[in-house]
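# Secondary and tertiary structure notes
Single-letter residue listing:
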Amino acid sequence: MHPATTYAATVDPRTFMTFRALVEAIIPGSPVTCADDAEQAAGAVDLCIHEYMIWELDHSLSLVLGLYLTVIPLSCSTARLLDAGAVQLAASGQLQHAPNHLLWRSSPFASLCPADRIRVLAILEQMKVDLGALPPPYRNDGGLVRYMIDFLTRQTMFGNYSEWSAYGTTRLRTPTARRLEYFPVSWKQAGYPGVVPGYRVLLGNMLTIERKGGESTIV
């Protein structure tokens, strides 16, 4: 059993379901009309970016505990944050579509349609929720809630368009133990040619120099 499978087996199923729904809403896949279109149609779920998000939240973020910054697992509590936002959006009567009641008890957030999931992110970011009803460490901490919602959207995009998915069976190992197994699908989607030694994207900025006599030089 490779590390990706082993780690996935340790993740709470509700958390896994919630993050799968999150990345699906942010970067959905497209319909496939033929086999040649499969890679171009791949969305974040197809590239397992939900696994990336869970891994990052459990290994890369720190909170101040006492006097020190401490790395603590945040995937489960963050999934509960999204679920709490979904419950509050539903209670407000502002859902655009009825939730999937078969999923509601497991993950209120995942039970919503993608458009309503994005609206949950919006009300959390705008703090249009009862902060006292959120799970710790987010309870009554609007600053942390805002930071986390921004992190979730940015990090989903980062994970999707980085080389992470192409680490394949090593993707959930520590960074130094990961190895590229193929060219990243998202790089093909974006038309990025890949890393080239000496490749420079920015060679400088255009600058207009005003010289004596009124002439201008553009460099």
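Residue positions are counted from 1 within each chain, in the order its sequence is given. Side-chain atom pairs in this predicted model are given and counted only at pLDDT of 80 or more, local residue features only at pLDDT of at least 70, and totals for whole chains, interfaces and linings cover all residues. Only hydrogens and water are set aside; all other atoms, that is, all heavy atoms of the structure, feed into the side-chain values.

Moving on, we get to the overall build of the chain. Assigned secondary structure in the chain consists of 10 helices and 4 strands. Two residues form a contact once any of their heavy atoms are found within 4.5 Å. Taking all contacts inside the chain whose residues are at least 6 apart in sequence as the whole, residues at least 24 apart take part in 58%. Here the Shrake-Rupley method, with its probe set to 1.4 Å, supplies the accessible areas, and only the displayed protein chains count as covering residues. Of the roughly 12400 Å² of accessible surface on the chain, 58% is carried by carbon and sulfur atoms. Think of it this way: any DSSP run of H or I at least four residues long counts as a helix, any run of E at least two long counts as a strand, and we number them from the N terminus.

Here the focus is helix α4 (residues 49–59). Note that an α-helix has 3.6 residues per turn; residues three or four places apart therefore point the same way. For α4, the buried fraction is high: 10 of the 11 residues fall into the buried class. Relative accessibility thresholds used throughout: buried, under 20% of the residue-type maximum; exposed, over 50%; partly exposed, between the two (1.4 Å probe, protein chains only). Listed in full, the buried residues belonging to α4 are Ile49, His50, Glu51, Tyr52, Met53, Ile54, Trp55, Glu56, Leu57 and Asp58.

A few words on the side chain of Thr15. Following the sequence through the fold, Thr15 ends up in helix α2 (residues 13–26). Not counting residues within four places of it along the chain, the set of residues in contact with Thr15 comprises Ile54, Ser75, Cys76, Ala79 and Arg80.

Moving on to the packing of helix α5 (residues 75–91) against helix α9 (residues 142–161). Axis lines are fitted through C-alpha atoms, for helices just across the contact stretch, and the angle between N-to-C directions can take any value from 0 to 180 degrees. Close contact between α5 and α9 brings their axes to 12 Å; oriented N to C, the two are set at 100°. Looking at the two axes, α5 sits roughly perpendicular to α9. Residues Thr78, Leu81 and Leu82 of α5 touch α9, and the partners they reach there are Val145, Met148, Ile149 and Leu152. Of the residues belonging to the contact of α5 with α9, the class tally is 6 nonpolar, 1 polar and no charged. Roughly parallel means an angle under 35 degrees; roughly antiparallel means over 145; roughly perpendicular covers 65 to 115; every other angle is labelled oblique. In this classification, the charged set is Asp, Glu, Lys and Arg, the nonpolar set is Ala, Val, Leu, Ile, Met, Phe, Trp, Tyr, Cys and Pro, and all remaining amino acids, among them Gly, are polar.

The subject of this paragraph is the pairing of strand β1 (residues 62–65). With 4 bridges connecting them, β1 and strand β2 (residues 68–71) associate as antiparallel partners. Across the sheet, the residue bridging to Val64 is Leu69, located in β2. Between β1 and β2, which pair antiparallel and follow one another directly, the connecting turn spans 2 residues, one of which, Gly66, has a positive phi of 70°. If DSSP finds at least two bridges between two strands, the strands pair.

Looking now at the nonpolar core. Here, the term nonpolar core denotes a set of buried Ala, Val, Leu, Ile, Met, Phe, Trp, Tyr and Cys residues that are joined through side-chain atoms within 4.5 Å. Leu124, Met148 and Leu152 are the most contacted members of the largest nonpolar core, which totals 45 residues. For this core, the elements supplying multiple residues, two or more each, are α2, α4, α5, α7 (108–111), α8 (114–125) and α9. Filtering out sequence-adjacent residues up to four positions away, Leu124 remains in contact with Leu81, Leu82, Gly85, Val129, Leu134, Val145 and Ile149.

This paragraph deals with the environment of Leu69. Mapped onto the secondary structure, Leu69 falls in strand β2. Overall, Leu69 belongs to the exposed group, its relative accessible area being 63%.

To estimate the expected span of a helix, count its residues, drop one, and scale the result by 1.5 Å. Taking 1.5 Å of rise per residue, the 20 residues of α9 would be expected to cover 28 Å, and the 29 Å separating its terminal C-alpha atoms lies within 8% of that figure. Among all positions of α9, only Gly142, Leu144, Val145, Met148, Ile149, Phe151, Leu152, Gln155, Thr156, Gly159 and Asn160 are buried. Elements that come into contact with the buried residues of α9 comprise α2, α4, β1, α5, α8 and α10 (185–190).

Running from amino to carboxyl end, α5 crosses α8 at an angle of 100°, the nearest separation of the two axes being 9 Å. Accordingly, the angle class assigned to the pair α5 and α8 is roughly perpendicular. Side by side, α5 and α8 meet where Leu81, Leu82, Gly85, Ala86 and Leu89 of the first sit next to Asp116, Arg119, Val120, Leu121, Ile123 and Leu124 of the second. For the contact of α5 with α8, the class distribution of residues is 8 nonpolar, 1 polar and 2 charged.

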